Amino acid sequence: MKKMTKILLIGKSGRLDAMAEALYRSSRNKEIYLLSEVNSPGLARKARKVWREARTDDPDVVAGYAKEIRPDFAIIGPEEPLASGVVDKLRELGIPTVGPSRSLARLESSKAFTRTLLEKYRIDGRIKYRTFEVEDGLEAYLHELSEFVIKPDGLTGGKGVRVFGDHFATIEEGLSYCRQLLASGATLIVEEKLIGEEFSFQSFCDGRHVCDMIPVQDHKRAEEGDRGPNTGGMGSYSCEDHLLPFLSQDHIDEASRINKAVAAALLNECREEYKGILYGSFILTKDGLKIIEYNARFGDPEAMNVLSLLRTDFIDICEAIISGTLDKLHIAFDRKATVCKYVVPRGYPNSAENGSKIDLSHVTHSRNLRIFYGAVSGTRDDDLELTGSRAVAFLGIGDSLKAAEEIAERAAMQVVGPVRHRADIGTTKLVERRADHMKAILGADYLYAAQPKRAV
Amino acid sequence: MTDQSKAVCYVDNGPDAFAYCQIAKQVIERCKMIPITYANFGERVRRSNQDHAVRDDFYGAMVAAIRFSGDSKKVADHWAIAEFEKAWDQDFFIARRERLLVYADMPIPIAILHQHRLSENIHVVQTLDDFQSRFEIDLKALVS
């Protein structure tokens, strides 16, 4: 009999369910234990046991469960437990963990740490910015940047005043604005304004080796047409050729080099191996790729796109991350397109309905549909309670983006209850608009030539 | 971090946005609120690395105030204008008019705002002084 692998998975939302699903698909003999804010039919099916626990960012609370379970390893889903030191606590107990220590998780929790790191190690794609307390050098710097935004550094005069300027007709106009702010005692940040298309590029990292996943484009705005307040992400898509309609292989190679450079910089800077997920958020601009930010875990919903296509055993990957042997493992993804659509409570994110019921029993299941449960609680698909955030994600998998979109959309439409979703995610219209936007920025020699067969 | 419950977010894309932002900031401070002002934030910001911040401030603030001015191109280029098209169908605060203050000079901006389904509670202000007094009255009524 093969050795049993006991795994403790900590998290919340559809991302947790996607990670549980990837572990569950493993051919290995395993037991999955979950610490989750909610229980759901999705989690209950995959786990030996689910503990409903809201305090997953408390290292002592998590340690209590870990002592009871004695897992072979643990995996952390969201950022809060990483930032609060749950990984450090688990490692003290001798439990290897997929997720960076508190110090390394500053990559996400501290923008200052990351900016300094990128600057110190001269990593490509870092955004140009400078801080000014006096006018010296300011005019020359404004000339150096083609477009810029001017803002005070932190709070001004203790009053929380923030004044942002953009679209200056002339350098002189920008300079005059800076002088006004400096005269009021503010310290200024002059930062590059970047126009382009954003995408997520995640990599597995064992501290010394980095293995890439496929690029995904997320949709943060609540409403169709990218309107409305920011959310955690209303949905996402990935393409069958493992590119995106506005990205070439060269861009992906560049993102890969940047993720590797960041992993190397972290090792050198912190003298500690980063074991977990490196999630680079990039924007493609006319000047190439730029880094918007880094996260220290899987994206939500991006985890659903990539883990659903993962051909390599996820437990093998986790063990290779822990043992530092990712270079020995061939990691592959299915050549399929994916579209993920989150169904959310009406009013989300500002005044989401809490406690209302939804019914998934009318959703037509198919081989190419994955359902990931997020902020819902209950044991039956026809009786799920909304708990206030993104409720259920539907992931369509297809040979083309269009096929994947139709699967996800049909399922999302079949949910009964006070919920809504973005119908435009993954549609030809929206994806073409993104590609056209990039084409307008990059000009006539746009990368369509490199992707003549793409059909969206 | 700014205390969003006390924040007033003012977005202006008019030809004289800086001057109006300055006045807006003074008015907001007199009302004991926290000013967050955005000058000349146009449509292009929507596909930029600045969109996330302005969106968080705009939707997170206790009060959002916007001013439209200039020719039709300038008005249609305002960062906030596209937000109205879907807002009325959702429960975003801008659909609840009491937290939204809209200012415009006539006649072009108002015609364009009507096209974007924004037809009520638009305050017409022709000068900087008009704006200052009207904004102060409106804001005090909302926050007092």
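Residues numbered from 1 in each chain as written. Chains lettered and ligands numbered in written order. Predicted model: local features only at pLDDT ≥ 70, side-chain atom pairs only at ≥ 80, totals over all residues. Heavy atoms only, no water.

Enquirer: Go over the interface of chain A and chain B, please, and point to the residues and values.
Expert: The interface is formed by 44 residues belonging to chain A together with 37 residues belonging to chain B. Across the chain A to chain B interface the summed buried area is about 3400 Å²; carbon plus sulfur atoms make up 47%. Scanning the region where chain A abuts chain B turns up four salt bridges. A salt bridge links arginine 44 of chain B to glutamate 147 of chain A; the nearest nitrogen and oxygen atoms lie 2.9 Å apart. Put simply, chain A and chain B have 14 residue pairs in polar contact (both at pLDDT 80 or more) between them. For the side of chain A that touches chain B, the secondary-structure elements that each account for two or more residues are strand E7 (148-152), strand E8 (162-165), helix H9 (171-183), strand E9 (188-192), strand E10 (197-206), strand E13 (221-223), strand E14 (227-230) and helix H14 (428-442) of chain A. Looking at the side of chain A that touches chain B residue by residue, the class counts come to 14 nonpolar, 12 polar and 18 charged. (Contact = heavy atoms within 4.5 Å. Buried area = accessible area lost by both parts, 1.4 Å probe. Salt bridge = Lys/Arg side-chain N within 4 Å of Asp/Glu carboxyl O. Polar contact = N/O pair within 3.5 Å; in protein donor to acceptor, adjacent residues only side chain to side chain. Helix = DSSP H or I, 4+ residues; strand = E, 2+ residues; numbered from the N terminus. Nonpolar A, V, L, I, M, F, W, Y, C, P; charged D, E, K, R; others polar.)

Enquirer: Tell me what's going on with the state of the cysteines, and back it up with residues and numbers.
Expert: Following the criterion strictly, the structure yields zero disulfides over all chains and no others. No disulfide involves cysteine 270 of chain A; its sulfur sits 12 Å from the nearest other cysteine sulfur, which is in cysteine 205 of chain A. (Disulfide = S-S within 2.5 Å.)

Enquirer: An account of the packing of helix H1 (residues 17-30) of chain B against helix H6 (residues 128-143) of chain B is requested, with residue identities and associated values reported.
Expert: Residues and elements named next belong to chain B. One can describe the packing of H1 onto H6 by two numbers: an axis separation of 10 Å at closest approach and a directional angle of 30°. Here H1 is positioned roughly parallel relative to H6, judged by the angle of their axes. Seen from above, H1 lies across H6 with right-handed handedness. Taken together, the residues of H6 that come into contact with H1 (itself represented by Ala19, Tyr20, Ile23, Ala24, Val27, Ile28 and Arg30) are Leu128, Phe131, Gln132, Phe135, Glu136 and Leu139. Residue composition of the contact of H1 with H6, by class: 10 nonpolar, one polar and two charged. (Axes fitted to C-alpha atoms, helices over the stretch in contact; angles between N-to-C directions. Parallel < 35°, antiparallel > 145°, perpendicular 65-115°, else oblique. Left-handed = near helix turned anticlockwise from the far one by under 90°.)

Enquirer: Mind laying out the confidence of the model for chain B, listing which residues take part and the relevant values?
Expert: Of the residues in chain B, 88% have a pLDDT of 70 or more, and the chain-wide mean is 85. Helix H4 (residues 84-87) of chain B is the least confidently modelled element of chain B, averaging 68 in pLDDT, while H6 of chain B averages 95, the highest of any element. (pLDDT = per-residue confidence, 0-100.)

Enquirer: Tell me about the pattern of salt bridges, residues and numbers included.
Expert: Residue and element names in this part refer to chain A. All chains considered together, the criterion is met by 54 salt bridges over all chains. The salt bridge involving lysine 193 is made with glutamate 147; its shortest N-O contact spans 3.2 Å. Of the two residues, lysine 193 sits in the loop between E9 and E10 while glutamate 147 sits in the loop between helix H8 (138-144) and E7, which places them 46 residues apart along the sequence. Here aspartate 334 ties to arginine 311 by a salt bridge, and the two come within 3.4 Å at their closest N and O atoms. In this pair, aspartate 334 sits in the loop between helix H12 (314-323) and strand E18 (337-345) while arginine 311 sits in the loop between helix H11 (302-309) and H12, placing the two residues 23 residues apart along the sequence.

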